[in-house]
Amino acid sequence: MGRTLAEKVWDAHVVRKGGGTDEPDLLYIDLHLVHEVTSPQAFDGLRLAGRQVRRPDLTIATEDHNVPTVWSANLLAQGTGAAISDPVSRTQVDTLRRNCEEFGVRLHPMGDVDQGIVHVVGPQLGLTQPGMTVVCGDSHTSTHGAFGALAFGIGTSEVEHVLATQTLPLRPFRTMAVTVQGELHPGVTAKDLILAVIAEIGTAGGQGHVLEYRGDAIRKLSMEARMTICNMSIEAGARAGMIAPDATTFEYLKGRPHAPQGADWDAAVEYWTGLATDEDAEFDREVIINADELAPFVTWGTNPGQGLPLDATIPFPEQIADENERAAAESALSYMDLAPGTPLREISVDTVFLGSCTNGRIEDLRAAAEVLRGRQVAGGVRMLVVPGSMRVRRQAEDEGLDTIFEAAGAEWRQAGCSMCLAMNPDKLAPGERSASTSNRNFEGRQGKGGRTHLVSPLVAAATAVRGTLSSPDDLF
Amino acid sequence: MEAFTTHTGVGVPLRRSNVDTDQIIPAVYLKRVTRSGFEDALFAAWRNDPGFILNQEPFRPGSVLVAGPDFGTGSSREHAVWALGDYGFRVVISSRFADIFRGNAGKQGLVAAVCEQSDVELLWKVLEQQPGMSVTVDLREKTVQAGELIVPFQIDDYTRWRLLEGLDDIALSLRAESEIDSFEAARAKWLPTTTPLNH
């Protein structure tokens, strides 16, 4: 019987096969991404045990979760004391710098052109390649699966484990095909698609599985759109999301700083081409989504599975059959301060956040800028535009996107995780409501008492203009 | 890691499903750089509510948490497990755990015991009827006992063995060091390294 993409990548990385009941395989890790939040205790563990980083040359670090997105070069030059006012954030960043220095790990600190969200930086450097195993102490590591890599989030103990051994003991994941047939309508994006997938299979629907996104609609997506989709696999409960590498993947990679060159490139492409799931391979599960039926999708609740097409109205909890889901909906509506039956388009927001590892790449910024060109952010609405990395920021400025955002009244920020999670100065105040291109709408995720609606960059931009949840079609 | 065979402590019925890691420990607490001292962060938002279960006197010293389905969803933060452990929890019982949480729990000696939802409901009833009641979790027998009530739980054999033996993961993997060396020697030469490029 043939093998799936995930199984091929797994098999190629088994250092030692697990014997006996439930004993895991020991899997080799090709790339370890590190940031300041989940690594300090791991480095501390190494120090306590007198261990070294086995392969600093397969490890790379960047500062992202804690960094403020408002700073100047002058301020940075005065050190983290001046640039990061929160003492705890500063300690994490300083600790990362010390650890990278001590253990010989390459670090892209604030101010560096390759600083940014770890999941934006890896692909843009060409470090993420098909067939690799990629880990990071961050659940959105699934992003890198867009290249046909097996990429997944790990906890801090596992970070320490990978630092010390460059391996992880793991049991094979189950496989699930998410086949997306047809083609997305114009104005319907990868974000809408993945929100619809999560609403369909539920926040636990992918549990224990690697999702492989396939089908015509996926093939037509750009690499950045594919990253958006794989990024949110974790919100469906999956360990990872993957997409088989193809010409689009190779095109994106070719010429990137760490991509293979010359004869190495040819050898790599030959290997990568063989990774696609075999015709006769079997998945443990399969779901089929029709892209043609999809519309812009937004969330109304407090988990990413609580989403609906923008045309819909807030659901009536009493009509939900499942008891747990009904209770979850009731509690979500209470937290979100929303009444059943309200059209989603009538929900007004205070804040629009464009950015994050889900939607902070150049194509996301371009799409939103196109909507905002010649328009104004509505009165009483603040819009933050936060590039996923400093390189994305630089590219956007080269294309004049910053001018469009600023002319529309949006704030053009430095790179970082920003308002995706309340770990830096970019937060919602209690009771504030956002349309956010990030990945989680959990209670308090964007700030204590803040209310989040997950949206695509197009919906974010249109919402900024109208002040209520909107798609570009609502603008005139 | 401390070995775990049986544990007896106060059972805490947490009647909530989808307890995500942002609820277990809000992101603001992730800024610390130490490995301990997270007890104040556990369920930080909920603990502001005087009616929250851990604010009720009999449940305060709880060490066995009995929660609804889909416990530990969301981010990979291992701090969720540390916070539970620092507070004093040794066992969490749920009918379904998020994968990353369950993995993290096993590595830190926190038992993530999977019970049927119907058994969780029975435990909830017993613990609510007798607040502060002790529960015994037996990892060898894979049972939870609360008074007269005994229910089975599931945990995978490998994690159970490691918990019973108190074995450290890294030391286990380093037993395969020569295999890691051979694997590295055979890797394709075009695979990328993070060594800075000279241009």
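Residues numbered from 1 in each chain as written. Chains lettered and ligands numbered in written order. Predicted model: local features only at pLDDT ≥ 70, side-chain atom pairs only at ≥ 80, totals over all residues. Heavy atoms only, no water.

A. Region of interest: the sheet that holds strand β19 (residues 451–454) of chain A. Residues and elements named next belong to chain A. The strand order β17-β16-β15-β18-β19 describes an open sheet built from five strands, whose pairing is parallel. Looking at strand neighbours, the two that pair on one side only are β17 (411–412) and β19, the edges of this open sheet. Running over the sheet, helix α15 (residues 362–372) touches β15 (351–354), β16 (382–385) and β17 and is turned about 140 degrees from β15. Seen against the sheet, helix α18 (residues 457–466) touches β15, β16 and β18 (433–436) and runs at an angle of roughly 150 degrees to β15. (Pairing = 2+ DSSP bridges. Helix = DSSP H or I, 4+ residues; strand = E, 2+ residues; numbered from the N terminus. Contact = heavy atoms within 4.5 Å. Axes fitted to C-alpha atoms, helices over the stretch in contact; angles between N-to-C directions.)

B. Structural context of the packing of α15 of chain A against helix α16 (residues 390–398) of chain A. Residue and element names in this part refer to chain A. Between α15 and α16, the shortest axis-to-axis distance is 10 Å and the interhelical angle comes to 40 degrees. Here α15 lies oblique to α16, going by the angle between them. When you trace α15 past α16, the crossing you get is right-handed. When α15 is examined against α16, the residues Ile-362, Leu-365 and Arg-366 are found in contact with a partner set consisting of Val-392, Gln-395 and Ala-396. Considered class by class, the residues forming the contact of α15 with α16 number four nonpolar, one polar and one charged. (Parallel < 35°, antiparallel > 145°, perpendicular 65-115°, else oblique. Left-handed = near helix turned anticlockwise from the far one by under 90°. Nonpolar A, V, L, I, M, F, W, Y, C, P; charged D, E, K, R; others polar.)

C. Structural view of the packing of aromatic side chains. Under the defined criterion, the tally for this structure stands at 19 aromatic pairs over all chains. A centroid spacing of 5.4 Å and a plane angle of 65 degrees characterise the contact between Phe-147 of chain A and Tyr-252 of chain A, whose relative ring orientation is edge-to-face. Of this pair, Phe-147 of chain A sits in the loop between β6 (133–136) and β7 (150–153) while Tyr-252 of chain A sits in helix α11 (residues 247–253); the two residues are 105 residues apart in sequence, bridging distant segments of the chain. Taken as a pair, Phe-147 of chain A and Tyr-252 of chain A share a single burial class, namely buried. Measuring from ring centre to ring centre gives 5.5 Å for Trp-265 of chain A and Trp-272 of chain A, while their planes differ by 90 degrees; the resulting arrangement is edge-to-face. Judged by its relative accessible area of 8%, Trp-265 of chain A falls in the buried class. By relative accessible area, Trp-272 of chain A is classed as buried at 0%. Each member of the aromatic cluster is reached from another via a ring pair, and the members are Phe-250, Trp-265, Tyr-271 and Trp-272 of chain A together with Trp-190 of chain B. Here the guanidinium or amino end of Arg-256 of chain A rests over the ring plane of Tyr-252 of chain A, the centre of that ring lying 3.8 Å away. (Phe/Tyr/Trp six-rings, centres within 6.5 Å; stacked < 30°, edge-to-face > 60°. Buried < 20%, exposed > 50% of the residue type's maximum accessible area, 1.4 Å probe, protein only. Lys NZ or Arg CZ within 6 Å of the ring centre and 35° of its normal.)

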